[in-house]
Amino acid sequence: MILPKRNLNELRNFLFGELSAVFAFLRFQMRVYIFLCLMCWVRSDNKRPCLEFSQLSVKDSFRDLFIPRIETILMMYTRNNLNCAEPLFEQNNSLNVNFNTQKKTVWLIHGYRPVGSIPLWLQNFVRILLNEEDMNVIVVDWSRGATTFIYNRAVKNTRKVAVSLSVHIKNLLKHGASLDNFHFIGVSLGAHISGFVGKIFHGQLGRITGLDPAGPRFSRKPPYSRLDYTDAKFVDVIHSDSNGLGIQEPLGHIDFYPNGGNKQPGCPKSIFSGIQFIKCNHQRAVHLFMASLETNCNFISFPCRSYKDYKTSLCVDCDCFKEKSCPRLGYQAKLFKDVLKERMEGRPLRTTAFLDTSGTYPFCTYYFVLSIIVPDKTMMDGSFSFKLLNQLGMIEEPRLYEKNKPFYKLQEVKILAQFYNDFVNISSIGLTYFQSSNLQCSTCTYKIQSLMLKSLTYPERPPLCRYNIVLKEREEVFLNPNTCTPKNT
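Everything numeric in this text was worked out from a predicted model, so none of it was measured.

Participant: Please explain the pairing of strand β7 (residues 235-238) as it appears in this structure.
Facilitator: Within a regular strand, side chains alternate between the sheet's two faces. Along β7, one buried face is formed by Val235 and Val237 and the opposite face, lined by Asp236 and Ile238, is buried too. Inspection of the sheet shows strand β6 (residues 207-211) paired to β7 by four bridges, in the parallel sense. By the bridge assignment for β7, Thr209 is matched with Asp236. Pairing of β7 with strand β8 (residues 254-258) involves three bridges; the strand directions are parallel. In the sheet register, Ile238 faces β8, and the bridge partner there is Phe256.

See below:
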């Protein structure tokens, strides 16, 4: 069959149009493909390798005996590069685009590394900091300088590292950064490096936190030879191995001594436990600070002259801190910056604070104070014990810091108590009175005008009270307390 010429032209035009559409679609697909390939090439070309912490070993410690080296590497982390450290400055000395000069900058500085190992806590510390706050974190890697068998050499290198850091800091200031936004966290020798940096900048750094500052070669040295409270606007220190690798004397605006500053619970007590026997107490300061960030533990601490006074309930009130309750160990110590600085004006009055912790991470314990007021002197010589019962029927007995404190000439006694579990929804208080052995009286009764139980760990919780109580010696009484009325709190 022969089609008319008109039909052939229509068919040809139709096929040409269809083929043109197909070729146009193919050209579009090719352009998309080429664009995507170019994007992949640009992305792969721009992606640089992550900075890695120096991986040294005992071989480097031996090498340092003959060829000493020192090098400072700055590893920058932000929420944009949480898992991939980048250099703080580019090769042309421009500032890394991820660094925000308006945000807080934490400088994290490790200590002595005798065999070159990477600090096990380091990466987790960075993660916890960035999870807490949108900030810049700079890890100062000075392993080449800290990895040596000659401890005194590492000590001398601390000043050299500080000078090196001051050069980078001056460069940051030119880019608009502020010293007031800098928070140095130094571990062991790193604490003293932080202090030396602070001295270079005449104490204008915002904050320095010393985590068990190194004691050997620094103990009993003058302020210009170690970390001191004059090195920053606020200096807080945690002492966890003051009789060993740490330092005993107070250095900051406030110095925390968990568990008395040494012999941390949960740490090995025998040299046969290996390296942990040496470093566990020393590193506890690091883990306590991290726990203060990572958990909701309030590490309430008690300003006191000595650990002995603290253990006998002589420092329960935190009188100088009434508006904000007792100071807290760790990241939240900054909340007490103003009142602590006031105490250092004129004649410096250092604040030493004590607390006890549990032996396993996150080391939380919970403090209550039981205040008892008696109307007369019938309780001339005795002591109390108490326990708490919650609405679920659970009972817990605390560690009491008031053992046999006499009531003679006292109308009020305050008993500090520590619990290993937080107690909420308290239904009753089990109270027992013990008279001294030479004055026992099985038929005697003892009156209490009022009793108040208050959480020190969570001071925002309303205190509980009970009034007009009658006790017999060594007979436990369970009291159902109510929320205190305002006039009694």
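Participant: Quick question: what am I supposed to make of the UniProt feature "active site" (unreviewed entry) in the protein chain here?
Facilitator: Listed under "active site" (unreviewed entry) in the UniProt record, and renumbered for this structure, are Ser188, Asp212 and His282. These annotated residues cover 95 residues of sequence, but their C-alpha atoms sit close together, with the largest distance between any two at 8.1 Å. As for the annotated residues named above, the ones lining the largest pocket are Ser188 and His282. Of note, Ser188 is situated in the loop between β5 (182-187) and α6 (189-200).

Participant: Which parts of the structure should I look at to understand the pattern of salt bridges?
Facilitator: For the structure shown, the criterion picks out 17 salt bridges. Taking the shortest distance from any N to any O, the salt bridge between Arg207 and Asp236 comes out at 3.0 Å. Here Asp236 lies in strand β7 and Arg207 lies in strand β6, a separation of 29 residues in the sequence. Residues Arg207 and Asp236 agree in their burial class; the two are buried. Residues Asp422 and Arg461 are paired through a salt bridge, measuring 2.7 Å at the closest nitrogen-oxygen approach. Separated by 39 residues along the polypeptide, Asp422 in the loop between β15 (412-419) and β16 (426-435) and Arg461 in the loop between β17 (445-455) and β18 (464-472) bring together distant segments of the chain. Residues joined by salt bridges that share partners form a network here, namely Asp60, Arg63, Arg69, Glu71 and Arg144.

Participant: What am I meant to see in the side chain of Asn298 here?
Facilitator: Looking at the secondary structure, you find Asn298 in the loop between α7 (275-294) and β9 (302-303). With a relative accessible area of 16%, Asn298 lands in the buried category.

Participant: Before we go on, may I ask you to explain the sheet that holds strand β19 (residues 477-479) in this structure?
Facilitator: The strands that make up a sheet pair up through hydrogen bonds in the backbone, lying either parallel or antiparallel. If you trace the four strands from one edge of the open sheet to the other, you get β13-β12-β16-β19, paired in antiparallel fashion. With partners counted over all chains shown, the strands left at the sheet margins are β13 (395-396) and β19, one partner each. The pairing of strand β12 (residues 382-390) with β13 spans two bridges and is classified as antiparallel. The residue bridging Leu389 from the neighbouring strand is Ile395, located in β13.

Participant: What is the right way to read the nonpolar core from this model?
Facilitator: A general trend in soluble globular proteins is that nonpolar side chains are found buried together. With 58 residues, the main nonpolar core has Phe125, Leu211 and Phe302 as its most contacted residues. In terms of residue count, α7 provides more of this core than any other element does, seven residues in total. Lining this core are residues from two domains, each supplying at least three of them: domain 1 (58-355) and domain 2 (366-483). Once you skip the residues sitting within four places of it in the chain, Phe125 turns out to touch Leu108, Ile185, Leu211, Val286, Phe289, Met290 and Leu293. Counting 40 residues, the second-largest nonpolar core is a separate cluster that includes Tyr151, Ala162, Ile169 and Phe184.

How each quantity is defined
- Just so you know, the residues in each chain are numbered from 1, in the order the chain's sequence is written.
- For a predicted model such as this one, the threshold for reporting local features is a pLDDT of at least 70, and the threshold for listing and counting side-chain atom pairs is 80 or more; totals across whole chains, interfaces and linings nevertheless cover every residue.
- The basis for the side-chain values is all heavy atoms of the structure; hydrogens and waters are excluded.
- Only protein chains enter the area calculation, which uses a 1.4 Å probe; residues under 20% of their type maximum are buried, those over 50% are exposed, and those in between are partly exposed.
- Counting from the N terminus, the helices are DSSP H or I runs at least four residues long and the strands are E runs at least two residues long.
- Strands are labelled as partners when DSSP assigns at least two bridges between them.
- UniProt positions are given in the numbering used here, feature names are shortened, and annotations may be inferred rather than shown by experiment.
- In this analysis the probe radius is 1.4 Å and the grid spacing 1 Å, with only protein atoms considered; a cavity is a set of points the probe fits into but cannot get out of, a pocket is an open set with protein on both sides within 12 Å along at least five of seven lines, and lining residues have an atom within 4 Å of a point.
- Just to be clear on terms, a salt bridge is a Lys or Arg side-chain nitrogen sitting within 4 Å of an Asp or Glu carboxyl oxygen.
- Here, the term nonpolar core denotes a set of buried Ala, Val, Leu, Ile, Met, Phe, Trp, Tyr and Cys residues that are joined through side-chain atoms within 4.5 Å.
- Note that domain bounds follow an automatic or database assignment of domains.
- Residues are treated as being in contact if the distance between any of their heavy atoms lies within 4.5 Å.

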